[in-house]
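Structural description and commentary
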Amino acid sequence: MAKDAFLVGLIGSGIGPSLSPALHEREAGRQGLRCVYRLIDIDRLGVPPEAVGDLVRAARDLGFDGLNITHPCKQLVLAHLDELAPQAEALGAVNTVVFDDAGRARGHNTDVTGFAASFARGLPDAPLDRIVQLGAGGAGAAAAHAVLTLGAGRVTVVDALAERAAALAGRLNAHFGPGRADHVPADALPGPLSGADGIVHATPTGMAAHPGLPLPAGLLHPGLWVAEVVYRPLETELLRTARALGCATLDGGGMAAFQAADAFRLFTGRAPDAVRMLADITGLAGAVTAPE
């Protein structure tokens, strides 16, 4: 008999506003399934990101079917899993963990497929010769892999931690071939931006808890497209500023919806309606963030 009830959760920092519970529980309900989705916020628990391994083991012991993993644990969780799907291993980041019947934890990354699907849908004709990406964490690794998979010529990675940017560029070149990625320090950003086709933004800046712009507004110009990973709020200050200049833009709602759809498939074994989940997140994010 096919399973029809699932217990899943999200481990991360400051995740109270997450829409993942609503996304998964709504889609489950439409499919005649029961899904209970719990938030496991390390800030509320008063534990450091390095405790992610203990939290994964506790969830397994409590009978969870799987977990989503978000900032700042997507890379730290790697050492605590029994197996990695090839894509997660290539990215060096995990955002979805599935427990099998024997309790083994397998790590996946649905961020990369989620961003790729969102980008192909929202910016289908965007030029991809030269891209600047802000952020080299877990979401940044996924976004960079996604745009290179979609045919980007070269991605220049910028991160507040120079060694993290260098490490991501190295992994990208190892996976996609030499010369497909490079990295520059933040103070050198004007150079690559002046000749770029677009910007992928993959840092927390712009979230409700981290307001503001991730780069000086004067560096934006109308020839750029701007793709955002942040989805709370859907319209970040970066997107507002870019649109005012005439830039084509993509909000983070599509990535959030499509990665959730892929995670739902992994958790339940059922095919989700990704477009319906996109409508959910657009309505939920818009309704919740309008007063902010």
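Structural data are supplied above this passage.
As a starting point, this report considers the structure included with it. (Residues numbered from 1 in each chain as written. Predicted model: local features only at pLDDT ≥ 70, side-chain atom pairs only at ≥ 80, totals over all residues. Heavy atoms only, no water.)

1. Focus on the overall build of the protein chain
Looking only at helices and strands, the protein chain features eleven helices and twelve strands. Taken over C-alpha atoms, the radius of gyration comes to 18 Å for the protein chain, in line with the 19 Å a tight globule of 292 residues would show. Seen through its principal axes, the protein chain has C-alpha atoms that stretch 55 × 40 × 35 Å. Here the protein chain, with 292 residues, has 51% of them falling under the buried criterion. Contacts in the protein chain between residues far apart in sequence, at least 24 positions, make up 69% of those at least 6 positions apart. (Helix = DSSP H or I, 4+ residues; strand = E, 2+ residues; numbered from the N terminus. Rg over C-alpha atoms; globule rule 2.2 N^0.38 Å. Buried < 20%, exposed > 50% of the residue type's maximum accessible area, 1.4 Å probe, protein only. Contact = heavy atoms within 4.5 Å.)

2. Considering the pairing of strand 2 (residues 34–41)
Taken together, the eight bridges between strand 1 (residues 5–12) and strand 2 define a ladder with parallel strand orientation. What sits directly across from Gly 9, in strand 2, is Arg 38. Viewed along the sheet, the connection from strand 1 through helix 1 (residues 20–30) into strand 2 turns out right-handed. (Pairing = 2+ DSSP bridges. Right-handed = clockwise from strand over helix to strand, strands pointing away.)

3. Focus on unusual backbone geometry
Here His 71 and Pro 72 are connected by a cis peptide whose omega angle stands at 5°. Mapping Pro 72 onto the fold places it in the loop between strand 3 (66–69) and strand 4 (83–84). The omega angle of the peptide bond from Arg 232 to Pro 233 is 10°, so this bond is cis rather than trans. Tracing the chain through its elements places Pro 233 in the loop between strand 11 (225–228) and helix 9 (237–244).

4. Here we look at helix 5 (residues 111–122)
Between the first and last C-alpha of helix 5 there are 16 Å, a value that for twelve residues agrees with the 16 Å anticipated at 1.5 Å per step. Here helix 5 has its buried residues at Asp 111, Val 112, Gly 114, Phe 115, Ala 116, Ser 118 and Phe 119. At its buried positions, helix 5 is contacted by helix 4 (86–91), helix 6 (138–149), strand 10 (198–201), strand 11, strand 12 (248–250) and helix 10 (253–268). (Expected span 1.5 Å × (residues − 1).)

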